[in-house]
Amino acid sequence: MQRISGRTGAAALAVALLAGGCAANCDPNQTDLYTGFGCAVGGGYDQRTRGLSQQLRDSQAASASARQALDQANAEAQSAQQNLAGRQAQLRALNLRTAQLQKRLKQASAARTLSARQEVQARSELQNIRDASRLPATENIQKVQESQKRMADLLGHI
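Residues numbered from 1 in each chain as written. Predicted model: local features only at pLDDT ≥ 70, side-chain atom pairs only at ≥ 80, totals over all residues. Heavy atoms only, no water.

1. Digging into the overall build of the chain
So, step 1. Helix and strand content of the chain: five helices and zero strands.
So, step 2. Taken from N to C terminus, the helices and strands of the chain fall in the order α-α-α-α-α.
So, step 3. Across the 158 residues that make up the chain, the buried fraction comes to 19%.
So, step 4. Carbon together with sulfur atoms contributes 54% to the accessible area of the chain, which is approximately 11300 Å² in total. (Helix = DSSP H or I, 4+ residues; strand = E, 2+ residues; numbered from the N terminus. Buried < 20%, exposed > 50% of the residue type's maximum accessible area, 1.4 Å probe, protein only. Areas by Shrake-Rupley, 256 points an atom, 1.4 Å probe, with all protein chains shown as cover.)

Next up, the structure:
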């Protein structure tokens, strides 16, 4: 009879160990002997390893996605800076050309080589250039160029 109760005791111990492993989180850092044995026998550690591996893969995928978004944002910022530098260079050139045209208009007015109508038109174009200079860069470049061309045509014979 003692044999049966020994087997019963061993079976009860095995069930207790397995139950302890199943009920626990199976964290190897926070287990005692019974839960550790239960987790090892019951597959709790393997399950935890699979869960942590999946979390790692998810984190790596999120990190790769964030890295890609950062690379794209950096590329867009670099492109915008290059575009801005190009626009600033265009505006400097337009401002230089406007100053040259204004100087020619003053010289023509002083020398009286323009008719009154031509001088009024040239001054109107100069005012159009000034007004366009106050607009956002994307709008004013084309308007300033058009006004400069008209003004240059008016002053062309000087």
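2. Examining helix α3 (residues 44–111)
So, step 1. Helix length check: α3, at 68 residues, gives a terminal C-alpha distance of 99 Å against a target of 100 Å (1.5 Å per residue), a fit within 8%.
So, step 2. Buried within α3 we find Gly 44, Leu 94, Thr 98, Leu 101, Leu 105, Ala 108 and Ser 109.
So, step 3. The positive-phi residue at the C-terminal boundary of α3 is Arg 112, with phi of around 55 degrees. (Expected span 1.5 Å × (residues − 1).)

3. Describing the nonpolar core
So, step 1. Ranked by internal contacts, the top residues of the largest apolar core, which has 15 residues, are Leu 101, Leu 105, Leu 114, Val 144, Met 151 and Leu 155.
So, step 2. Taken together, the elements giving at least two residues each to this core come down to α3, α4 (116–133) and α5 (137–154).
So, step 3. Sort the elements by how many residues they give to this core and α5 lands first, with five residues.
So, step 4. In this structure Leu 105 touches Leu 114, Glu 119, Ala 122, Arg 123, Leu 126, Met 151 and Leu 155, once residues within four positions along its chain are discounted. (Core = buried A, V, L, I, M, F, W, Y, C linked by side-chain atoms within 4.5 Å. Contact = heavy atoms within 4.5 Å.)

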